[in-house]
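# Fold and geometry: a report
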Amino acid sequence: MQFSKVIGHAALKAKLIGNIREGRIPHAQLFVGPRGSGNLPMALAYAQYLLCEDRQAVDACGECPSCLQMAKLEHPDLHLAFPIYFTDKVKVCEAFVTDWRKAVRNEPYLDMDRWREGMESENKQLRMGVDIAHEIQRRLSLKSFRGGHKVMLVWMPELMDAAASNKLLKVLEEPEPNTLFLLVATDMDQLLATIVSRAQLVKVPALATDEVADALRERMPELGIDAARAAAARSEGDLLEAVRLASESEAEHFVFFRDWLRACYKREVTTTAELADGFAKLGREWQKSLVRYGLFIMRQCALRWMGADGLVRVDGQELEFVGNFSKLLSERSADGIRRELEIAHTHIERNANPKVMFMDMSYRMMGLLRVDRQ
Ligand SMILES: [Zn+2]
């Protein structure tokens, strides 16, 4: 992971890069940050920059063999430890390392819930026992593969039990040359005070609202700026929470938009009027983002027609809907619907009476869809 892929935190990145460039590389560092703040991506970017063979002024090169291996989290000098569930036979990370790499490549802002899903552990307890601490020590006794630093990244060290913590402390107290510990934690209070005192603290704060909003729109381009900002503001700087909130509102939009178009197609005036009531009760921001969502769906329908299925950005029931709905449309009606939605957006911004506007639009929609049936 390169620094450029880590959201926000410009000052912290500059500081970490400066430290490496000036050769100030502490033996143990503790990256602490709340869920969704990016403490793990930050630690990974730090490790990649350190191991890069062609460091640039503000980031790892992204192209050298070391960077290519780091992108897959498969660098031979990057060692990983993380919580797992124990079986009778397995009590070390080795057996799960492929799952962990995959989970982080999928979502670098990994949290425990996503990791549980990644390893399909359901309700099993995830922990780190003394066997993992021994595994860490064993890995560090190996020579550096590329002759440079060895990096030991321990994710969620606060889940180590007492025996493991004490063993880790011993390892930290007797540092091997060129070995670097990156402890990536969410709850520092659960760590042994002696471990904390051995490590240099790197605080990764919650993200700023604007940073979360920008990141959301990059991940979900169909999301309007207002919806992105609303989810970001409610997330309190937690990217994962913001993604959840945004997806939730998107799912809500889908159901509403689908039901409304169905009612228009079947000319069900009573249902349409009920939907108009619901539409009017929700705030203007919600109304605008519903309309934008409608425009997004219309674009997906257009892509379907053009045979550009590879560009269609929906899946699941949305995709099914786009497939069915695009069959009902002609170029003329699709253009008309798009125009109606654009006009509605302007009207909402100009404070039109939402219920009147919605009913008005519904009747015109019925007309547009009927033309196609003839
Ligand atoms: Zn590189």
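Structural notes, computed from the coordinates. Bear in mind that the values here come from a model prediction, so they are computed numbers and not experimental data.

## Points about the overall build of the chain
- When you go through the chain residue by residue, the secondary structure sums to 16 helices and five strands.
- With the principal axes as the frame, the chain shows a C-alpha extent of 80 × 50 × 35 Å.
- Split into buried and exposed, the 374 residues of the chain put 39% on the buried side.
- Long-range contacts, defined here as pairs at least 24 residues apart, represent 73% of the contacts in the chain between residues at least 6 apart.

## As for the packing of helix 13 (residues 284-305) against helix 14 (residues 316-328)
- Interhelical geometry of helix 13 versus helix 14 gives an angle of 70° and a closest axis separation of 9 Å. Classified by the angle their axes make, helix 13 and helix 14 are roughly perpendicular. Here Ile297, Gln300, Cys301, Arg304 and Trp305 of helix 13 come into contact with helix 14, specifically with Val322, Gly323, Phe325 and Ser326.
- Here the contact of helix 13 with helix 14 is built from residues that sort into five nonpolar, three polar and one charged.

## Focus: helix 13
- Between its first and last C-alpha atoms helix 13 spans 32 Å; for 22 residues at 1.5 Å apiece the expected length is 32 Å, and the two agree.
- One or two steps after helix 13, the chain reaches Gly307, where phi turns positive at roughly 75°.

## Digging into the nonpolar core
- Counting 79 residues, the largest nonpolar core has Ala47, Leu182 and Leu216 as its most contacted members.
- The leading source of residues in this core is helix 2 (residues 39-51), at 10 residues.
- Apart from the residues within four sequence positions on either side, Ala47 is in contact with Met70, Leu78, Val151, Leu153 and Leu182.
- If you look at the next biggest cluster of nonpolar residues, it comprises 27 residues, including Leu275, Phe325, Leu341 and Leu368.

## Re the sheet that holds strand 3 (residues 150-155)
- Read from one edge of the open sheet, five strands run 2-3-4-1-5, paired in parallel fashion. The open sheet has two edge strands with one neighbour each: strand 2 (78-81) and strand 5 (200-203). Recorded for the sheet is a direction-independent mean angle of 20° between the axes of neighbouring strands.
- Sheet topology note: the strand 1 (residues 28-32)/strand 4 (residues 179-185) ladder contains five bridges and is parallel.

## Some points on unusual backbone geometry
- One non-glycine residue, His9, adopts positive backbone phi at about 55°.
- With respect to the helices and strands, the residue His9 is situated in the segment before helix 1 (10-21).

## Some thoughts on the environment of Pro41
- Note that Pro41 resides in helix 2.
- By C-beta crowding, Pro41 is classed as buried, having 26 other C-beta atoms within 10 Å.
- Spatially, the C-alpha atoms of Pro41 and Glu318 are 31 Å apart, while their sequence positions differ by 277 residues.
- Excluding residues that lie within four positions of it along the chain, Pro41 makes contacts with Met1, Lys5, Val6, Pro108 and Tyr109.

## A closer look at the environment of Glu135
- Tracing the chain through its elements places Glu135 in helix 6 (residues 130-140).
- Here the alpha-carbon distance between Glu135 and Val255, two residues 120 residues apart in the chain, equals 50 Å.
- Those residues in contact with Glu135, other than ones at most four positions away along the chain, are Ala81, Val92, Cys93 and Glu94.

## Comments concerning the packing of helix 9 (residues 209-219) against helix 10 (residues 225-235)
- With their axes 8 Å apart at the nearest point, helix 9 and helix 10 run at an angle of 130° to one another. The pairing of helix 9 with helix 10 is recorded here as oblique in orientation. Crossing handedness for the pair helix 9 and helix 10: right-handed. For the pair helix 9 and helix 10, contact is made by Thr209, Val212, Ala213, Leu216 and Arg217 and by Ile225, Ala228, Arg229, Ala231, Ala232, Ala233 and Ser235, respectively.
- For the contact of helix 9 with helix 10, the class distribution of residues is eight nonpolar, two polar and two charged.

## Structural notes on helix 12 (residues 269-281)
- Between its first and last C-alpha atoms helix 12 spans 19 Å; for 13 residues at 1.5 Å apiece the expected length is 18 Å, and the two agree.
- Residues of helix 12 that are buried include every one of Thr272, Leu275, Ala276 and Phe279, and no others. The arc that holds the buried residues of helix 12, viewed along the axis, is 110°, so those residues lie on one side. Turned more than 90 degrees off the buried face of helix 12, the exposed positions are Thr270, Asp277 and Lys281.

## A look at the environment of Leu40
- As for its placement among the helices and strands, Leu40 is situated in helix 2.
- Expressed as a C-alpha distance, the spacing of Leu40 and Val204, which sit 164 residues apart in the sequence, is 9.5 Å.
- Excluding residues that lie within four positions of it along the chain, Leu40 makes contacts with Pro108, Tyr109, Leu110, Trp155 and Val184.

Reading the values: the criteria
- Residues numbered from 1 in each chain as written.
- Predicted model: local features only at pLDDT ≥ 70, side-chain atom pairs only at ≥ 80, totals over all residues.
- Helix = DSSP H or I, 4+ residues; strand = E, 2+ residues; numbered from the N terminus.
- Buried ≥ 20, exposed ≤ 12 C-beta atoms within 10 Å, placed from the backbone.
- Contact = placed C-beta atoms within 7 Å.
- Axes fitted to C-alpha atoms, helices over the stretch in contact; angles between N-to-C directions.
- Parallel < 35°, antiparallel > 145°, perpendicular 65-115°, else oblique.
- Nonpolar A, V, L, I, M, F, W, Y, C, P; charged D, E, K, R; others polar.
- Expected span 1.5 Å × (residues − 1).
- Core = buried A, V, L, I, M, F, W, Y, C linked by C-beta atoms within 7 Å.
- Pairing = 2+ DSSP bridges.
- Left-handed = near helix turned anticlockwise from the far one by under 90°.
- Arc of directions from axis to C-beta.

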